[in-house]
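Take a look at the letters that make up each chain.
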Amino acid sequence: MSITIRQIGPCFAGEVDGLDMRQPLSREDAAAIHAGMDRYAVLVFRDQKIEDAQQLAFTRALGPIEQAIGTSLRAAADQRLPTTFADVSNLDKTNTPFARDDRRRLFAIGNRLWHSDSSFKATPAKYSLLHAISIPNKGGNTQFADMRAAYDALDEETKAEVQDMVCEHSQMFSRQLIGFFDFTDEERERFRPVRQCMVRTHPVTGRKSLYLSSHAGGIVGWPMPEARGYLRDLIEHATQREFVYTHQWRLGDLVMWDNRQTMHRARPFPADQPRDMRRTTLAGDGPTVAQAA
Ligand code: OGA
Ligand code: MN
């Protein structure tokens, strides 16, 4: 049986029926998922009772994966999951929620700002696939914003202004926005800014989108305060309600999004409740602008 997709968001986001991730992915379904991602940019798969190995196999059937190495404040010895997974939970190695003031928790609160995954890496992520293993009893939604619709809605003068713009992205910039400044020298080195173009063109559909992220903290050639104000205005424009789909998680949901065409953010939830979310990530094709490695 092949899959069907129906739109669930305001101008994007679809829900997929007819797929069981415990079974190998057929070529036909893989092609339909890629085509669905090109169109909807976010796909929701309900009720996937899968193990990590099945999530990984499903992800790999869609393309090469990005490893989660050096992107959080968890030390190697402190990882709950292998580097094939980004641990998006609030849990330590013993599956206990981090204390409210735990540095690893505070850093992860950066996910509550609008962002695109790995925009702080020279080759940023293509798709992210997030699977819900346990969810809090309130809050903890994830919101998605359509950066193609946001681009289309710009006036012509702004489209021309952003066309060749290049930004500097770093996890330190997003954390500065939430008042988290406490980085070690090693982390400052690891989180050195990278450059990304502001306007991306989708390789299949040819649609343009705004490549925004709270990791963007500067515009090349612009004074910093002016750049910060401009980026803030653009994010405000791009995340208006008409461009946003809010996902209310159920256990077993797997949500896949295209980081090249969308931003997302987590919404708050009680600190003492486990929220176990595991992310696999498909690697992007390459850097968005030429730069030193
Ligand atoms: C992510 C992320 C949001 C959430 O997995 O990259 O930002 O709601 N998740 O956990
Ligand atoms: Mn994210």
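Scope of this entry: the structure provided in the associated data block.

Thresholds, definitions, all that
- Residues numbered from 1 in each chain as written.
- Chains lettered and ligands numbered in written order.
- Predicted model: local features only at pLDDT ≥ 70, side-chain atom pairs only at ≥ 80, totals over all residues.
- Heavy atoms only, no water.
- Helix = DSSP H or I, 4+ residues; strand = E, 2+ residues; numbered from the N terminus.
- Rg over C-alpha atoms; globule rule 2.2 N^0.38 Å.
- Buried < 20%, exposed > 50% of the residue type's maximum accessible area, 1.4 Å probe, protein only.
- Contact = heavy atoms within 4.5 Å.
- Areas by Shrake-Rupley, 256 points an atom, 1.4 Å probe, with all protein chains shown as cover.
- Lys, Arg positive; Asp, Glu negative; His and termini not counted.
- Charge placed at Lys NZ, Arg CZ, Asp CG, Glu CD.
- Pairing = 2+ DSSP bridges.
- Axes fitted to C-alpha atoms, helices over the stretch in contact; angles between N-to-C directions.
- Near = heavy atom within 4 Å.
- Polar contact = N/O pair within 3.5 Å; in protein donor to acceptor, adjacent residues only side chain to side chain.
- Nonpolar A, V, L, I, M, F, W, Y, C, P; charged D, E, K, R; others polar.

For the chain, the count of helices and strands is 8 helices and 15 strands. For the chain, the C-alpha radius of gyration of 18 Å lies close to 19 Å, the compact-globule estimate for 293 residues. The C-alpha extent of the chain, read off along each of the three principal axes, is 50 × 45 × 35 Å. Within the span of the chain, comprising 293 residues, buried residues form 54% of the whole. Residue pairs at least 24 apart in sequence account for 82% of intrachain contacts in the chain once pairs closer than 6 positions are excluded. Summed over its atoms, the accessible surface of the chain is roughly 13400 Å², and 50% of this surface lies on carbon and sulfur atoms. Taking the 38 positively charged and 38 negatively charged side chains of the chain as two groups, their mean positions are separated by 3 Å.

A few words now on the sheet that holds strand 11 (residues 216-219). The strand order 8-7-11 describes an open sheet built from 3 strands, whose pairing is antiparallel. Of all strands in the sheet, those bounded by a partner on one side alone are strand 8 (194-197) and strand 11. Taken pair by pair, the neighbouring strands of this sheet meet at an average axis angle of 40°, ignoring direction. Of the strand pairs in this sheet, strand 7 (residues 166-169) and strand 11 are connected by 3 bridges, and their pairing is antiparallel. In the sheet register, Glu168 faces strand 11, and the bridge partner there is Gly218. Most of the contacts of helix 8 (residues 224-238) go to strand 11, to which it runs at about 125°, and overall it touches strand 7 and strand 11.

This next bit is on the site of ligand 1. Surveying the vicinity of ligand 1 reveals the residues Val88, Asn111, His115, Asp117, Leu130, Thr142, Trp257, His264, Ala266, Arg275 and Arg279. Take Thr142: an N or O atom from its side chain is 2.6 Å from an oxygen atom of ligand 1. Within the side chain of Arg275, one N or O atom sits 2.8 Å away from an oxygen atom of ligand 1. Expressed as a share of its isolated accessible area of 290 Å², the protein-covered part of ligand 1 is 99%. Within the shell around ligand 1, the residues separate by chemical class into 4 nonpolar, 4 polar and 3 charged.

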